[in-house]
Structure formats: structure tokens, C-alpha cells
Amino acid sequence: MRPVVPYVTAALLFGLGVYGVLRRRNAVLVLMSVELMLNAVNLILVTADTTVRAVLPHSGQVFALFVIVLAAAEIGVGLAIVLQLYRLRSTVAVDDVALTEPAAAVERDAEATR
């Protein structure tokens, strides 16, 4: 088998995932784009394992299994965060998420510690 086809496919999948992470506003679609990037990495790991004979046999497949486990944990935690965000803000748009606390809450906490 020619390894060029899986490598090009993985590069296209990874590029599509990067585009989705950078351009999407919906948090669920951002998580799907991250999963697409992880699947591209899995394709590269398995292809490299079958084409390159390493010292450790099947090491690419083992790393691919670790990536799958990591992806499952990431989706579980990510969807829990998205659901909590939707309950609080009634939107899952990434642009609308405030990354800092409002100034009034910071002042109230500062007065409470005095």
C-alpha cells in the first residue's frame, strides 16, 4: 500500500479540523472539529505503524488507542461544560462567553474579604 494516500487524507482532515476550530462560533461544532483533528492523528499513527518498522511492534496502534481514550474523556468533559454554559447563558456561542468576571463581582468579593 502506498502511504501517500492516508497521509494526504489525514492532512486534509487535520486542516479541516483546524479551520473548524478557528471559524466556528458554536461550542459543539468546535468540539467536533477537535475530534476530527484527533482522528487525523490516529490515521497518521496507524499508517506510520504499518509502513515503518519500529523497534516496538504495533506501537502506533497503541498510541492510537490512547488518543481514542483521550478523545472520549475530552468529549465527556467538554459536553458537560457546554451543557452548564447553556444552562447559565442560554447560548453555546463561543464569542459570547465572558472570560473574565464582571467588575461588580470582583469589587463585591474584595469588600467581603475586608
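The rules we used
- Residues numbered from 1 in each chain as written.
- Predicted model: local features only at pLDDT ≥ 70, side-chain atom pairs only at ≥ 80, totals over all residues.
- Heavy atoms only, no water.
- Axes fitted to C-alpha atoms, helices over the stretch in contact; angles between N-to-C directions.
- Helix = DSSP H or I, 4+ residues; strand = E, 2+ residues; numbered from the N terminus.
- Parallel < 35°, antiparallel > 145°, perpendicular 65-115°, else oblique.
- Nonpolar A, V, L, I, M, F, W, Y, C, P; charged D, E, K, R; others polar.
- pLDDT = per-residue confidence, 0-100.
- Expected span 1.5 Å × (residues − 1).
- Contact = heavy atoms within 4.5 Å.

On to the packing of helix 2 (residues 27-51) against helix 3 (residues 59-89). Between helix 2 and helix 3, whose axes approach to 8 Å, the crossing angle comes to 175°. Taken together, the axes of helix 2 and helix 3 lie roughly antiparallel to each other. Within the contact of helix 2 with helix 3, the residues separate by chemical class into 15 nonpolar, five polar and three charged.

Here the focus is the confidence of the model for the protein chain. With 87% of its residues at a pLDDT of 70 or more, the protein chain shows a mean pLDDT of 85. Model confidence for the protein chain, summarised as mean pLDDT per element, is weakest for helix 4 (residues 103-113) at 65 and strongest for helix 1 (residues 4-23) at 94.

Every α-helix carries 3.6 residues per turn, so stepping three or four residues along brings you back to the same face. In a regular helix each residue adds 1.5 Å, so 31 residues correspond to 45 Å; helix 3 covers 44 Å between its end C-alpha atoms and thus fits that length. Lining the buried residues of helix 3 we find helix 2. Immediately beyond the C-terminal end of helix 3, within one or two residues, lies serine 90, with a positive phi of roughly 55°.

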